[in-house]
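Residue-level structural notes
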Amino acid sequence: MKLKLHWQIFIGLALGVAFGFLARAFGFREFVIEDVAVLGTVFLRGLRMIIVPLIVSSIISGVTSIGSAERFGRLSLKTLTYYISTSLLAIVTGLVLVNLIQPGVGAQLGLQEIPSELAANTEKVGDTLLGIIPTNPLAAMMRGDMLPTIFFSLLFGFFITRVPQPYNDQLTKFFQGVFEVMMKMTHFIILFTPIGVFALMAKIVAQTGFDVFVPLGTYMITVTAALVIHATITLPTLLSVLAGVNPIAHARAMSSALLTAFSTASSSATLPLTMDAMENNAGVSNKISSFVLPLGATINMDGTALYECIAAMFIAQAYGIELSFAQQVIVVLTALLASIGAAGVPMAGLVMITIILRAVGLPLEGVGLILAVDRILDMMRTSVNVWSDSSGAVIIARSEGEKGIKVLRKTPETIGG
Ligand code: ASP
């Protein structure tokens, strides 16, 4: 009997952690960091290889099947409303916890050097927003810039529905065909997830171990608690109330994507698995998932939003700077923008914190305080990001009256793995 994929991934993850520890204990860290890690790199490269063609073909084929301009407009509105409101809910959860726990007050932290790539980050949120419109769509695709790629694909798909026959049919069928091929390639690459996850986890543990966590313990607990509240109370309530979805069944359906998000710390790299699980396990149509998920992987980051807010407040507390109510409102709004602007790649959220620090006049070196524990928090927030995207897709699918959804409260036994 074949073990279900999510179990294989889970075993890969656990073995990876154990192997990383053994490497630390018995002095073969170098071997893990340099040689075993190659397997993880191969896996990540495989995922990255398919992302752009997968997104382009999936969005175009999804949009052509949506059909009417009115339906397209309604879907866009619902999707953006869901994304912005869940991100705000996440930020407020973070803000309440960081004010209650006050992890930064009296924290004794030696300031660390900020790596130059962080210090050099000068991109403003305004530039990210303008950059949505590509001056050269092919160049954007070649660079792997998600937002302009998505924007152009949405427009392209939409205007396919506006051209006369035979072009309409030809193009629709062509992009559906490309999408089918990309999904087949996705299935193939997903088979290697357990090995990739094993190598990624072994490398992280061999590199960092647990010692770095001690001085930042309370800060980590605050972020973790906020993530847990958002993931296990806020989003499940929305799933249940708005869509009649059984959150546990939905989590099981999405488990391979959630575990991969944790191990890769990248929503973009996880996107192929999220789409696969969404269509095959949760039963959401390609029409909805191809629109909601790529957009979500790029702009909807609840975990990141909440983390941005807590991290900025933590830095203020650690420097003994009291932020007024108005300043905290600015933190909330910039945290939202930062989470929208952050790319779905590892450490993107950390880079974006500088935007908030600048907005409320906090020292940029503050980022150095939280650097040491960013990776593990990144892994957790990425899982929450993917969890929110997938919840959005199923909620929107339900609101559009989709019939094939397999994770409803009444039919949990129909879930595949
Ligand atoms: N790594 C996160 C993601 O891909 C973004 C972040 O750094 O917060 O979703």
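First, a word on what this report is: a plain description of the structure on this page. (Residues numbered from 1 in each chain as written. Predicted model: local features only at pLDDT ≥ 70, side-chain atom pairs only at ≥ 80, totals over all residues. Heavy atoms only, no water.)

**Here we look at unusual backbone geometry**
Residue Pro166 follows Gln165 across a cis peptide bond; omega there is 0°. Within the secondary structure, Pro166 is located in the loop between helix 7 (146-160) and helix 8 (167-190). Of note, the phi angle at Ala265 is positive, near 55°, even though the residue is not glycine. Within the secondary structure layout, Ala265 lies in the loop between helix 12 (255-264) and helix 13 (267-280). Even without being a glycine, Met347 presents a positive backbone phi close to 70°. Summarising the element assignment, Met347 is placed in the loop between helix 16 (325-341) and helix 17 (348-359). (Helix = DSSP H or I, 4+ residues; strand = E, 2+ residues; numbered from the N terminus.)

**With respect to the packing of aromatic side chains**
Per the stated rule, a full pass over the model turns up 13 aromatic pairs. Ring geometry for Phe72 and Phe291: centres 5.8 Å apart, planes at 70°, overall edge-to-face. Placement of the pair is Phe72 in helix 3 (residues 69-101) and Phe291 in helix 14 (residues 286-299), with a sequence separation of 219 residues. Each member of the pair, Phe72 as well as Phe291, is classed as buried. Their ring planes at 35° and their centres at 6.0 Å tell us that Phe152 and Phe156 sit as a pair that is tilted. A residue pair is termed a helical-turn pair when its members lie 3 or 4 positions apart in one helix, as Phe152 and Phe156 do in helix 7 at 4 residues. Overall, the relative accessible area of 32% leaves Phe156 in the partly exposed class. One aromatic cluster in this structure is built from Phe19, Phe28, Phe31 and Phe198. Over the aromatic face of Tyr307 sits the side chain of Arg381, whose NZ or CZ is 3.9 Å from the ring centroid. (Phe/Tyr/Trp six-rings, centres within 6.5 Å; stacked < 30°, edge-to-face > 60°. Buried < 20%, exposed > 50% of the residue type's maximum accessible area, 1.4 Å probe, protein only. Lys NZ or Arg CZ within 6 Å of the ring centre and 35° of its normal.)

**A closer look at empty space enclosed by the protein**
Applying the stated criterion across every chain, the model contains 3 cavities of 30 Å³ or more. Roughly 60 Å³ of internal volume is contained in the largest cavity. Around the largest cavity, the lining comprises 15 residues; the ones closest to its centre are Thr304, Ala343, Val345, Asp378 and Asn385. Sorting the residues of the lining of the largest cavity by element identifies helix 17 and helix 19 (374-399) as the ones contributing at least two each. Broken down by element, the lining of the largest cavity gets its largest block of residues, 4 residues, from helix 19. The residue inventory of the lining of the largest cavity, partitioned by class, reads 6 nonpolar, 7 polar and 2 charged. (1 Å grid on protein atoms, 1.4 Å probe; cavity = no way out; pocket = protein on both sides within 12 Å on 5 of 7 lines; lining within 4 Å. Points joined across faces, edges and corners; volume = space filled by probe spheres on them. Nonpolar A, V, L, I, M, F, W, Y, C, P; charged D, E, K, R; others polar.)

**Concerning the environment of Val178**
The residue Val178 is located in helix 8 in this model. The sequence separation of Val178 and Val228 amounts to 50 residues, and the corresponding C-alpha distance is 38 Å.

**Observations concerning a positive patch on the surface**
There is a patch of like positive charges on the surface, built from Arg398, Lys403, Arg409 and Lys410. Note on placement: Lys410 falls in the segment after helix 19. (Patch = residues over 30% accessible without salt bridge, like charges linked within 9 Å, V, L, I, M, F, W, Y side chains within 5 Å. Areas by Shrake-Rupley, 256 points an atom, 1.4 Å probe, with all protein chains shown as cover. Salt bridge = Lys/Arg side-chain N within 4 Å of Asp/Glu carboxyl O. Lys, Arg positive; Asp, Glu negative; His and termini not counted. Charge placed at Lys NZ, Arg CZ, Asp CG, Glu CD.)

**A look at the site of the ligand**
For the ligand, the set of nearby residues contains 16 residues, the closest of which are Ser267, Thr304, Gly349, Asp378 and Arg381. With respect to the ligand, the side chain of Ser267 contributes an N or O atom lying 2.3 Å from an oxygen atom. Isolated, the ligand exposes 270 Å² of accessible area, and the fraction of that covered by the protein chains is 100%. Mapping the ligand onto the cavity grids shows that it belongs to the largest cavity. Mapped by element, the contributors of at least two residues to the shell around the ligand are helix 17 and helix 19. Here the shell around the ligand takes 4 residues from helix 19, the largest share from any one element. (Near = heavy atom within 4 Å. Polar contact = N/O pair within 3.5 Å; in protein donor to acceptor, adjacent residues only side chain to side chain. Sits in = over half its atoms within 2 Å of the grid points.)

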